[in-house]
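# Structure assessment
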Amino acid sequence: MPRKRSRKTLLEISSQPELWIFSNLLIEDWVTKDDLKNPVFKKKVSIPISLPSGTAILKIESDGPKGQVISVAIVHSSDIQLFQLMEPLGFPKFQTRVLDYIKEIYPHNFDFYSYLRPFYSAKMREFGITDILGLDTDVKDLAEYGVKSRILQRFSDPIQGYEVPQYWRVNKKLVVFKPDKITERDLIITLRKTICDRLAKHAVIEGLRCAIIALKHYASLLDKLTSETRINPPEEHRTLADGLYELGEFQNSAIFYSKCLSQSTFADENERDQILTALKDSIERLEPQDFLEYALFAAKVAREHGDE
């Protein structure tokens, strides 16, 4: 029987040790007290996979379908560059820093991806990303190649996608809250650190989920390409055998006819009969020593085929 080629499922990919090493980063505290004083939280995270050169993924999180963009994770090479808005008044600086980074990597990229393009294309246009990429740049939709929610199921994602608007609205309320007591101020800092930390980590995990879909998509493209250009061994062996037969190289022609017979499944019995006839004719023309060498080689071919 021919060997069956197996492909790892997305769930198996998410179980790889390298990804669990990456998950240790999620245990650390990312957002500190000092970070709350800044309008934007930035963090570059290395991931255990690498996108092909000339590829970038834009993963946007927003305050609901009609709300503003609150985080952007840009996957580029083997890094995720995260930009997390910390409070609403910081939006202009947040927007500027994201767009500046996209301008920086844009000349080096020609494939851009997002997820759920019908939703996020409007967000990218409002945010100004489309102005940088140009209207002619096709931002491909990763949702066409895989389901993001099925990837990294074993990761401890601090929040779910539908919880992002809730967390952000709590953060907005805490920003404008005017506490009277020091203990209340400390509590607000603690709560905001937790909320912003969770939003940032969720955005990075979402970026990694999208990167895995993209990598799997590229692997599928490579499989398709190689299958279209793959050599057909039986067909090649038949061509070699026929040519060697014409040249009077009967021992070698017999070997290649044998290889052709052992590896082929014939829809046309006439073709099989033709090859078998040519093989018999080649064998009949062999000297005893040549026949012995051929027989030993033919046995090896048959044994290798039987092991498949």
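Residues numbered from 1 in each chain as written. Predicted model: local features only at pLDDT ≥ 70, side-chain atom pairs only at ≥ 80, totals over all residues. Heavy atoms only, no water.

### Some details on the overall build of the protein
If you tally the helices and strands in the protein, you get eleven helices and six strands. When the 308 residues of the protein are sorted by exposure, 43% land in the buried category. In the protein, of all internal contacts separated by at least 6 residues, the share reaching a separation of at least 24 is 74%. In the structure as shown, the protein presents an accessible area of about 17700 Å², 53% of it carried by carbon and sulfur atoms. (Helix = DSSP H or I, 4+ residues; strand = E, 2+ residues; numbered from the N terminus. Buried < 20%, exposed > 50% of the residue type's maximum accessible area, 1.4 Å probe, protein only. Contact = heavy atoms within 4.5 Å. Areas by Shrake-Rupley, 256 points an atom, 1.4 Å probe, with all protein chains shown as cover.)

### A closer look at the pattern of salt bridges
The final tally for this structure, using the stated rule, is 13 salt bridges. Close ionic contact of Asp63 with Arg169 constitutes a salt bridge, the shortest N to O distance being 3.3 Å. With Asp63 in the loop between β2 (55-62) and β3 (69-76) and Arg169 in helix α6 (residues 164-176), the pair connects residues that are 106 residues apart, well separated along the chain. When the shortest N-O distance is used, the salt bridge between Arg238 and Glu271 registers 3.9 Å. Taken together, the residues Arg238 in helix α8 (residues 233-246) and Glu271 in helix α10 (residues 269-284) connect sequence positions 33 residues apart. By relative accessible area, Arg238 is classed as buried at 19%. The exposure class of Glu271 is partly exposed, given its relative accessible area of 33%. Salt bridges linked by common partners bring Lys59, Glu61, Lys148, Glu206 and Arg209 together as one network. (Salt bridge = Lys/Arg side-chain N within 4 Å of Asp/Glu carboxyl O.)

### Considerations on the nonpolar core
Counting residues in hydrophobic clusters, the biggest one holds 34 residues, and the most contacted among them are Trp30, Ile47, Ile57, Leu142 and Leu208. Secondary-structure elements contributing two or more residues to this core are α2 (17-27), β1 (40-46), β3, β4 (79-85) and α7 (182-229). Top contributing element to this core by residue count: α7, with twelve residues. Counting 32 residues, the second-largest nonpolar core is a separate cluster that includes Ile70, Ile74, Ile129 and Leu199. (Core = buried A, V, L, I, M, F, W, Y, C linked by side-chain atoms within 4.5 Å.)

### Considerations on α8
Residues three or four positions apart in an α-helix share a direction because the helix packs 3.6 residues into each turn. Between its first and last C-alpha atoms α8 spans 20 Å; for 14 residues at 1.5 Å apiece the expected length is 20 Å, and the two agree. All of the buried residues along α8 are Pro234, His237, Arg238, Ala241 and Leu244. Down the axis of α8, the sector holding all buried residues measures 135°, keeping them to one side. Away from its buried face, by an angle of more than 90 degrees, α8 presents the exposed residues Glu235, Thr239 and Glu246. (Expected span 1.5 Å × (residues − 1). Arc of directions from axis to C-beta.)

### Notes on the sheet that holds β2
Read from one edge of the open sheet, six strands run β1-β4-β3-β2-β5-β6, paired in mixed fashion. Each edge of the open sheet is held by one strand with a lone partner, namely β1 and β6 (139-141). Direction aside, the axes of adjacent strands within the sheet are offset by 20° on average. The strands that helix α3 (residues 91-105) touches are β1, β2, β3 and β4; relative to β3, the one it contacts most, it runs at about 15°. (Pairing = 2+ DSSP bridges. Axes fitted to C-alpha atoms, helices over the stretch in contact; angles between N-to-C directions.)

### Details of the pairing of β2
Of all eight residues in β2, eight are buried, a share of seventy percent or more. Pairing geometry for β2 and strand β5 (residues 111-114), over three bridges, is parallel. Residue pairing in the sheet places Ala56 in a bridge with Phe112 of β5. With seven bridges joining them, β2 and β3 adopt antiparallel strand pairing. Bridging from a neighbouring strand, Leu58 pairs with Ile74 of β3. The hairpin formed by β2 and β3 contains six residues between the paired strands, and Gly64 there has a positive phi angle of roughly 85°.

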